[in-house]
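One letter stands for each residue in the lines below.
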Amino acid sequence: QVQPVESGGGLVQVGGSLRLSCRGFGFAFGRNAMGWFRQAPGKEREYVATIAGSGGSLDYADSVKGRFTISRDNSVKMVYLQMDRLEPEDTAVYYCAQSVRQYTQTRPGDYDHWGQGTQVTVSS
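Remember, predicted model here, so these are calculated numbers, not experimental data. (Residues numbered from 1 in each chain as written. Predicted model: local features only at pLDDT ≥ 70, side-chain atom pairs only at ≥ 80, totals over all residues. Heavy atoms only, no water.)

Tracing the backbone shows Ser21 in strand E3 (residues 18-23). Remark: the alpha-carbon pair of Ser21 and Val5, spanning 16 residues in sequence, is separated by 8.1 Å. Contact partners of Ser21, with chain neighbours within four places excluded, come to Val5, Glu6, Ser7, Trp36, Met78, Val79 and Tyr80. (Helix = DSSP H or I, 4+ residues; strand = E, 2+ residues; numbered from the N terminus. Contact = heavy atoms within 4.5 Å.)

Below you can see the structure in the form of structure tokens.
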């Protein structure tokens, strides 16, 4: 089954930075909204950020606003999540998701394809 593929997770100290990458798929990638979600142990999957297919519209969860930046390069079917000033509360498995919808989507149910996830651990 075709699905997005994440990379770039790892271990970082508090205040550090990481950049996650996600390779999408499909000839209509440029018309697919993309999103990042995360899930910490014992917690539900939560929304992090989303970007419209054109890249012209962005949205962030309040918990990451001002620290994380989502972007995309449709020419290579890639989406990125730049994470700065990381905090221990950011520790989670991060998932990339692809939607058949064009505009920003914040709910897991609005996405059709999910990656396997990449672990981000922030040590204090």
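In this section: the pairing of strand E8 (residues 78-83). For E8, the tally of buried residues reaches 5 of 6 residues, placing the bulk of the element in the interior. Relative to E8, E3 runs antiparallel, the two sharing 6 bridges. Paired with Leu18 across the bridge in E8 is Met83. Sheet analysis places strand E7 (residues 68-73) next to E8, joined by 6 bridges and oriented antiparallel. For Asp73, the partnering residue across the bridge sits in E8 and is Met78. Hairpin connection of E7 to E8: 4 residues between the antiparallel strands, including Lys77 at a positive phi of 55 degrees. (Buried < 20%, exposed > 50% of the residue type's maximum accessible area, 1.4 Å probe, protein only. Pairing = 2+ DSSP bridges.)

Here the focus is the layout of surface pockets. Each pocket or cavity is described by its volume, and for the largest pocket that value is around 160 Å³. Arg38, Gln39, Ala40, Pro41, Lys43, Glu44, Glu46, Glu89, Asp90, Thr91 and Ala92 are the residues that line the largest pocket. (1 Å grid on protein atoms, 1.4 Å probe; cavity = no way out; pocket = protein on both sides within 12 Å on 5 of 7 lines; lining within 4 Å. Points joined across faces, edges and corners; volume = space filled by probe spheres on them.)

This next bit is on the pattern of salt bridges. Within this structure, the stated rule accounts for 6 salt bridges. Residue Asp90 pairs with Arg38 through a salt bridge whose shortest N-O separation is 2.9 Å. Taken together, the positions of Asp90 in the loop between E8 and strand E9 (92-98) and Arg38 in strand E4 (residues 34-39) put the pair 52 residues apart, joining distant regions of the chain. Overall, the relative accessible area of 1% leaves Asp90 in the buried class. Its relative accessible area of 5% is what places Arg38 among the buried residues. We note a salt bridge from Arg67 to Asp90, for which the minimum N-O separation is 2.7 Å. You can see Arg67 sitting in the loop between strand E6 (58-60) and E7 and its partner Asp90 sitting in the loop between E8 and E9, a full 23 residues away along the chain. (Salt bridge = Lys/Arg side-chain N within 4 Å of Asp/Glu carboxyl O.)

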